[in-house]
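The primary structure of each chain is shown beneath.
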Amino acid sequence: MEAVVKRPEDGPVPRFSEHMAAIASEGAAGWAIADAAAEALARGEDVVSLCLGDTSFDTPERILEAAIRSLRGGRTHYAPVPGTPELRFAIAAAQRRFDGHDWLAEQVTVFGGAQNALFATLMAVAGAGDEVLYFEPWYATYEATIRAGGAIATPVKLSLESQSSRLSEKALLSAVTGRTRAILLNSPNNPGGYVLGRSDLALVARVASEHNLWIISDEVYRSAVFDDDYLAITAFPEVLDRTIVINSLSKSHAMTGWRVGWSLAPLTAANHLQNLAQCMLFGSPTFVQDAAAVALEETGDDEMRYFSGELRRRRDLMCDALSRVQQLTFTRPRGGMFCFVNVSATDLSGALFAEKLFRSEGLAVVPGTAFGPNMSDFIRISFSASEETIAEGMERLHRFCGKLVSSIEC
């Protein structure tokens with residue numbers, strides 16, 4: 001009799017894998033068009049993708065040279081788990097230049113991108129059964145990241161119409177329970193480009209203080225605020241001891257592929273985050289950190305301002321084109337890299353609009369369902385691409401909407 005060989009796929013599926021698969025599948029449909037566009041582009045097809053927040057800018061030469069020098073200098077061995085002393089000092093110094101507070105290098109933990117830093121932070125502050133408040137529309141990974149460790153993701157809807165105040169005090173307070181542990185902020189918001197103002201942030205600071213909550217502030221787009229100065233939650237010193245700032249170099253220095261991000265936290269929380277970093281990473285590549293430290297020198301502030309100015313021009317180009325399409329409505333984004341566009345006047349859902357647009361014109365955008373269940377009337381369009389790509393994409397969008405009008409008239 002032959003021995004029965006047990007194949008790996010016959011083994012039990014870990015409960016955690018089932019849990020994560022269920023979470024991921026809920027938002028996967030929102031990225032199907034982006035994935036299809038990437039595959040079509042790889043095949044050389046005539047496709048324009050305005051899906052991702054990855055700029056057409058190249059990483060500045062001085063940063064590239066720093067990485068090369070580091071590699072040639074033999075900096076390819078283990079780095080300290082929390083990050084190299086040079087990079088942690090540079091991050092703290094850059095944050096001090098930004099908000100004027102006396103941040104210490106010891107408060108910094110370096111991770112493999114802001115997403116990694118956010119994941120670790122949520123694991124540190126919210127366990128199974130705890131609740132984390134976050135705002136809809138939300139960045140596509142937020143719900144899964146909150147729920148990965150067993151915490152409960154509790155959405156609070158932003159006002160998409162009001163410019164002066166995006167948050168309702170009643171809605172925020174009604175979402176707080178005895179199990180709430182944290183409020184997750186994202187300003188400028190992805191996908192909408194909404195920037196929280198002083199009254200909104202003051203409300204968050206007050207609620208967090210009164211209910212003993214952590215504030216997690218995802219600030220990866222703060223270098224791309226176009227019409228006003230950026231106001232961070234750290235402008236309210238009463239919440240510094242309960243705020244964890246998440247940031248990276250991906251957007252600010254055109255370094256999406258370098259995967260370097262960080263958390264800045266009160267020292268007690270920083271110690272927990274460094275323990276998590278030891279389990280998750282055991283340190284990030286030394287030569288990448290050396291380049292990142294150079295990126296954060298004061299010269300890098302000029303680069304951030306240049307990139308922000310270029311993104312503002314691209315935003316204006318896209319908004320001008322969108323404003324000429326009668327069926328589409330949107331709020332001019334004050335920051336970030338995206339226009340969040342309501343397509344309900346076409347009598348199509350955002351998902352169906354995006355699908356038909358891709359099939360008809362080869363233009364890929366992201367349907368709003370990736371950013372919350374109440375966002376089904378929306379699509380997200382990135383203006384991080386080159387001006388030529390944006391112009392071509394807008395021409396295809398105009399053509400598609402013209403066909404919709406013609407079909408209705410017929």
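Just above sits the structure.
Residues numbered from 1 in each chain as written. Predicted model: local features only at pLDDT ≥ 70, side-chain atom pairs only at ≥ 80, totals over all residues. Heavy atoms only, no water.

Caption draft 1: Geometry of the overall build of the protein chain. Secondary structure assignment for the protein chain yields 13 helices and 13 strands. Here the C-alpha radius of gyration of the protein chain, 22 Å, is about what a compact globule of 410 residues would show, namely 22 Å. Viewed in the frame of its principal axes, the protein chain has a C-alpha envelope of about 75 × 65 × 55 Å. Here the protein chain holds 410 residues, and 54% of them are scored as buried. Counted over contacts in the protein chain with a minimum sequence separation of 6, partners at least 24 positions apart contribute 76%. On the protein chain, roughly 18,300 Å² of surface is accessible, and the fraction owed to carbon and sulfur atoms is 53%. A distance of 1 Å separates the average location of the 37 positive side-chain charges in the protein chain from that of its 50 negative side-chain charges. (Helix = DSSP H or I, 4+ residues; strand = E, 2+ residues; numbered from the N terminus. Rg over C-alpha atoms; globule rule 2.2 N^0.38 Å. Buried < 20%, exposed > 50% of the residue type's maximum accessible area, 1.4 Å probe, protein only. Contact = heavy atoms within 4.5 Å. Areas by Shrake-Rupley, 256 points an atom, 1.4 Å probe, with all protein chains shown as cover. Lys, Arg positive; Asp, Glu negative; His and termini not counted. Charge placed at Lys NZ, Arg CZ, Asp CG, Glu CD.)

Caption draft 2: Up close: the sheet that holds strand β6 (residues 214–218). Overall, mixed pairing links the seven strands, which are arranged β2-β8-β7-β6-β5-β3-β4 in an open sheet. On the outer flanks of this sheet lie β2 (108–111) and β4 (152–157), each paired with one strand and no other. Ignoring which end each strand starts from, the neighbouring axes of this sheet average 20 degrees apart. Bridging between strand β5 (residues 180–186) and β6 involves five bridges; their strand directions are parallel. By the bridge assignment for β6, Ala 182 is matched with Trp 214. (Pairing = 2+ DSSP bridges. Axes fitted to C-alpha atoms, helices over the stretch in contact; angles between N-to-C directions.)

Caption draft 3: Representation of the pattern of salt bridges within the structure. Within this structure, the stated rule accounts for 26 salt bridges. Notably, a salt bridge pairs Glu 219 with Arg 222, separated by 2.6 Å at the nearest N-O pair. Judged by its relative accessible area of 16%, Arg 222 falls in the buried class. For Asp 316, the salt bridge is made with Arg 332, and the minimal N-O distance between the two is 2.7 Å. Taken together, the residues span a long stretch of sequence, with Asp 316 in helix α11 (residues 299–322) and Arg 332 in the loop between β9 (329–330) and β10 (338–342) at a distance of 16 residues. Residue classification places Asp 316 among the partly exposed positions, given a relative accessible area of 27%. (Salt bridge = Lys/Arg side-chain N within 4 Å of Asp/Glu carboxyl O.)

Caption draft 4: Up close: helix α2 (residues 32–42). Residues of α2 that are buried include every one of Ile 33, Ala 34, Ala 37 and Ala 40, and no others. On an axial view of α2, the arc spanned by its buried residues comes to 125 degrees, and they lie on one face. On the buried face of α2, the contacting elements are β1 (48–49), α12 (350–361) and β11 (363–364). One or two positions beyond α2, positive phi appears at Gly 44, with a value near 85 degrees. (Arc of directions from axis to C-beta.)

Caption draft 5: Local environment of the packing of aromatic side chains. This structure, assessed with the given rule, holds eleven aromatic pairs. Here the aromatic rings of Phe 353 and Phe 400 are separated by 5.1 Å at their centres, their planes lie at 90 degrees, and the arrangement is edge-to-face. Here the residue Phe 353 occupies a position in helix α12, and Phe 400 occupies one in helix α13 (residues 387–409), the gap between them amounting to 47 residues. Comparing Phe 353 with Phe 400 shows no difference in burial state: the two are buried. Among the aromatic residues, those joined into a ring-pair cluster are Phe 57, Tyr 306 and Phe 307. Positioned above the aromatic ring of Phe 89 is the side chain of Arg 96, whose terminal nitrogen or guanidinium carbon lies 5.8 Å from the ring centre. (Phe/Tyr/Trp six-rings, centres within 6.5 Å; stacked < 30°, edge-to-face > 60°. Lys NZ or Arg CZ within 6 Å of the ring centre and 35° of its normal.)

Caption draft 6: Quick peek at the nonpolar core. Formed by 103 residues in total, the largest nonpolar core has its most connected members in Phe 353, Ile 381 and Leu 397. Excluding residues that lie within four positions of it along the chain, Leu 397 makes contacts with Leu 322, Leu 328, Phe 353, Leu 357, Leu 363 and Ile 381. In terms of nonpolar packing, the next biggest core, distinct from the first, is built from 25 residues, Trp 103, Leu 249, Ala 293 and Val 294 among them. (Core = buried A, V, L, I, M, F, W, Y, C linked by side-chain atoms within 4.5 Å.)

Caption draft 7: Region of the structure containing the pairing of β2. Burial along β2 is two-sided: the face carrying Val 108 and Val 110 and the face carrying Thr 109 and Phe 111 are both buried. Pairing of β2 with strand β8 (residues 261–264) involves four bridges; the strand directions are antiparallel. Within β8, the residue paired with Thr 109 across the bridge is Ser 263.

Caption draft 8: Examining the sheet that holds β9 more closely. Read across the sheet, four strands follow the order β9-β10-β13-β12 without closing on themselves; strand pairing throughout is antiparallel. Two strands bound the open sheet, and with one partner strand each, they are β9 and β12 (366–367). In terms of strand pairing, β9 meets β10 through two bridges, oriented antiparallel. If you follow Thr 329 over to β10, its bridge partner there is Asn 342. The sheet contacts of α11 involve β9, β10 and β13 (378–382), and relative to β10 the element is tilted by about 15 degrees. Against the sheet, α12 makes contact with β12 and β13, and its axis sits at roughly 50 degrees relative to β13, the strand it touches most.

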